[in-house]
Amino acid sequence: MASAEITRQMSESVRPLSLTGHVGFDSLPDQLVNKSTSQGFGFNILCVGETGIGKSTLMDTLFNTSFESSQSTHYENQVKLKAQTFELQESTARLKLTIVNSVGFGDQINKEDSYKPIIDYIDAQFEAYLQEELKIKRSLHNYHDTRIHACLYFISPTGHSLKSLDLVTMKKLDSKVNIIPVIAKADTIAKNELHKFKIKIMGELVSNGVQIYQFPIDDETVAKINSTMNGHLPFAVIGSTEEVKVGNKMVKARQYPWGVVQVENENHSDFVKLREMLVCVNMEDLREQTHTRHYELYRRCKLEEMGFKDTDPNNKPVSLQETYEAKRNEFLGELHRKEEEMRQMFVMRVKEKESQLKEAEKELQDKFEQLKKMHQDERKKLDEKKTHLDEEMSIFNKRKAAAELLQSQAFQTTPQMNLKKDKDRKHY
């Protein structure tokens, strides 16, 4: 809001002046063209469609070359995004073309989350560019921009209506990428049925709120052709790299037993319309729309998630520095709060641990006192037993001494009695 006000005030203060002579800045367009030509251009296409619907063939036909892409199978467990980058040159223009193919799309039994890998891939390219943009030392002038500029969504030529998978996927993609719906293998459906099928598809897209890419009509030089081509969407296309002789010239076509379907014949296919709109007329607008609309939406949402805003709660403009300082103070306050919580929690746990240790110490002390008392009681009993044993030993020793004394006295009286008996025998 503030920047718009400043811009308005500046535009009001600008005065037109006339030149009195040649200056030279009329060569700026030529300078821009020369610089762009020397640097080259980049364009990234995402092809979304079921396996075998003709995505690779159409890319080969569209750019009149062979990208030598490997054939995919119908047995993929999940959707994968395969990106290939090529260097192309036409006259003095160099183009770095990246083709991203959705491998395995629509091949799973449960197709509920088939769109998620595609969304994740697109967001990953936006995030990579945002990270490069936010660097202090940036190198955007030679950065390989991988953001998707156009999504060719291939619709099966059923002739009835869009599949629920197609509606869900395009609804999820329309805010992230420029969607150009195409009816693949258009030679498999009758011309009157094809016209009804186109009307049916556009009606379903509008009723379900799916916003596809509309060719711009604000530029007068291309407004008429773009307005006409918007009425031909979705384009019914045919792809083929084989050349068939028709009349006196060789043309890209598909040979059938009943006839030849020419790729570049506008009565047979919308291929020329697609190539004209995608490559020749609106390639730069697709690049610009990707940057100014889809990437800006992603960038704004991402910065708002990080807490950056253009205005404060009072709807007053806020600079990036002020927002950064406010966010930094908020972060520091939150950090201090968490530090205080952690400190209090630490103190509480220390106190709990001290209480537990004191209780354990008290239990150990009580156990020690109990063991000490038991030891003293055992010692007292042992002392009593020792005293009793000493008394018994003293009595035993006294008895032993008395017995020995009696025995010695007995030994002394025995010889005397023997001598008396011998004398008595002699008398007789």
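Heads up: the structure comes first, above all this text.
Student: So what about the environment of leucine 62? Which residues, and what values?
Tutor: Its place among the elements puts leucine 62 in helix H3 (residues 55-62). Distance from leucine 62 to serine 240, taken between C-alpha atoms, is 9.4 Å for residues 178 residues apart in sequence. Apart from residues lying up to four places away in sequence, leucine 62 is in contact with Phe271, Arg275 and Leu278.

Student: So what's going on with the sheet that holds strand S8 (residues 249-256)? Residues and values would help.
Tutor: Strands in a sheet are paired, the pairing made by backbone hydrogen bonds, and the direction either parallel or antiparallel. A sheet is described by the order of its strands in space; here 3 strands give the open sequence S7-S8-S9, paired in antiparallel fashion. Unpaired on one side and paired on the other, strand S7 (243-246) and strand S9 (259-262) mark the two borders of the sheet. Ignoring strand direction, the axes of neighbouring strands in this sheet form an average angle of 65°. Examined bridge by bridge, S7 and S8 share 4 bridges and lie antiparallel to one another. Within the sheet, the bridge partner assigned to lysine 245 lies in S8 and is methionine 250.

Student: Can you explain the sheet that holds strand S6 (residues 235-236)? Please cite residues and give values.
Tutor: Reading across from one edge, S2-S3-S1-S4-S5-S6 is the order of the 6 strands in this open sheet, with mixed pairing throughout. Edge strands, defined here as strands with exactly one partner in the open sheet, are strand S2 (80-90) and S6. For strand S5 (residues 179-183) and S6, the ladder comprises 2 bridges, and the chain directions are parallel. Bridge pairing in S6 places isoleucine 183 opposite alanine 236.

Student: Please provide a residue-by-residue account of the pairing of S5, values included.
Tutor: Across a regular strand the side chains alternate sides, sitting on one face of the sheet and then on the other. Taking burial as the measure, the 5 residues of S5 include 5 buried ones, the bulk of the element. Of the two faces of S5, the one holding Ile179, Pro181 and Ile183 and the one holding Ile180 and Val182 are both buried throughout. Taken together, strand S4 (residues 150-155), helix H5 (residues 164-173) and S5 constitute a β-α-β crossover, and its handedness is right-handed.

Student: For H5, give the residues involved together with the corresponding values.
Tutor: Buried residues of H5: Leu165, Asp166, Leu167, Thr169, Met170 and Leu173, and no others. The inward-facing, buried residues of H5 contact helix H4 (116-134), S4, S5 and helix H6 (191-207).

Student: Please give an account of unusual backbone geometry that cites residues and values.
Tutor: Cis geometry marks the peptide bond from leucine 233 to proline 234, where omega comes out at -5°. A positive phi is found at asparagine 64, a non-glycine position, where the angle reads about 55°. Relative to the elements of secondary structure, asparagine 64 occurs in the loop between H3 and S2. Assessed through its relative accessible area of 57%, asparagine 64 is described here as exposed. Non-glycine residue serine 91 carries a positive phi angle of around 60°. Assignment of secondary structure puts serine 91 in the loop between S2 and strand S3 (93-103).

Student: Hey, could you go over the environment of alanine 83 for me, with residue numbers and the actual values?
Tutor: Within the fold, alanine 83 resides in strand S2. For the pair formed by alanine 83 and lysine 196, sequence separation is 113 residues and the distance between their alpha carbons is 35 Å. Ignoring sequence-local partners within four residues, the contact set of alanine 83 consists of Thr98, Ile99, Val100 and Tyr121.

Student: So what's going on with the nonpolar core? Residues and values would help.
Tutor: By size, the foremost hydrophobic cluster in this structure holds 70 residues, and its most contacted members are Phe43, Ile45, Met59, Leu152, Phe235, Leu274 and Leu278. Tallying contributions element by element places H4 first for this core, with 7 residues. Those residues in contact with isoleucine 45, other than ones at most four positions away along the chain, are Met59, Phe63, Leu97, Thr98, Ile99, Val100, Ala150, Leu152 and Leu278.

Student: Go over the side chain of serine 102, please, and point to the residues and values.
Tutor: Relative to the elements of secondary structure, serine 102 occurs in strand S3. Reaching out from serine 102, the side chain makes a polar contact with the backbone oxygen of cysteine 47 at a distance of 3.0 Å. Discounting chain neighbours no more than four positions away, the residues touching serine 102 are Cys47, Val48, Gly49, Lys55, Lys80, Leu81 and Ile118.

Student: I'd like a rundown of a nonpolar patch on the surface, residues and numbers included.
Tutor: Nonpolar side chains collect at one region of the surface, where Leu19, Val23, Phe25 and Leu28 lie side by side and expose about 430 Å² of accessible area between them. Tracing the backbone shows leucine 28 in helix H2 (residues 28-39).

Student: Which residues make up H6, and what values go with them?
Tutor: Here H6 contains 17 residues, and its C-alpha end-to-end distance of 25 Å stays within 8% of the 24 Å for a straight helix at 1.5 Å per residue. All of the buried residues along H6 are Leu194, Phe197, Lys198, Ile201, Glu204 and Leu205. Considered in projection along H6, the buried side chains sweep an arc of 135° and stay on one side of the axis. Of the exposed residues in H6, the ones pointing more than 90 degrees away from its buried face are Asn192, His195, Lys196, Ile199, Val206 and Ser207. Contact partners of the buried residues in H6: S4, H5, S5 and S6. Looking one or two residues past H6, glycine 209 carries a phi angle of roughly 70°, positive in sign.

Parameters and conventions
- Residues numbered from 1 in each chain as written.
- Predicted model: local features only at pLDDT ≥ 70, side-chain atom pairs only at ≥ 80, totals over all residues.
- Heavy atoms only, no water.
- Helix = DSSP H or I, 4+ residues; strand = E, 2+ residues; numbered from the N terminus.
- Contact = heavy atoms within 4.5 Å.
- Pairing = 2+ DSSP bridges.
- Axes fitted to C-alpha atoms, helices over the stretch in contact; angles between N-to-C directions.
- Buried < 20%, exposed > 50% of the residue type's maximum accessible area, 1.4 Å probe, protein only.
- Right-handed = clockwise from strand over helix to strand, strands pointing away.
- Core = buried A, V, L, I, M, F, W, Y, C linked by side-chain atoms within 4.5 Å.
- Polar contact = N/O pair within 3.5 Å; in protein donor to acceptor, adjacent residues only side chain to side chain.
- Patch = residues over 30% accessible without salt bridge, like charges linked within 9 Å, V, L, I, M, F, W, Y side chains within 5 Å.
- Areas by Shrake-Rupley, 256 points an atom, 1.4 Å probe, with all protein chains shown as cover.
- Salt bridge = Lys/Arg side-chain N within 4 Å of Asp/Glu carboxyl O.
- Expected span 1.5 Å × (residues − 1).
- Arc of directions from axis to C-beta.

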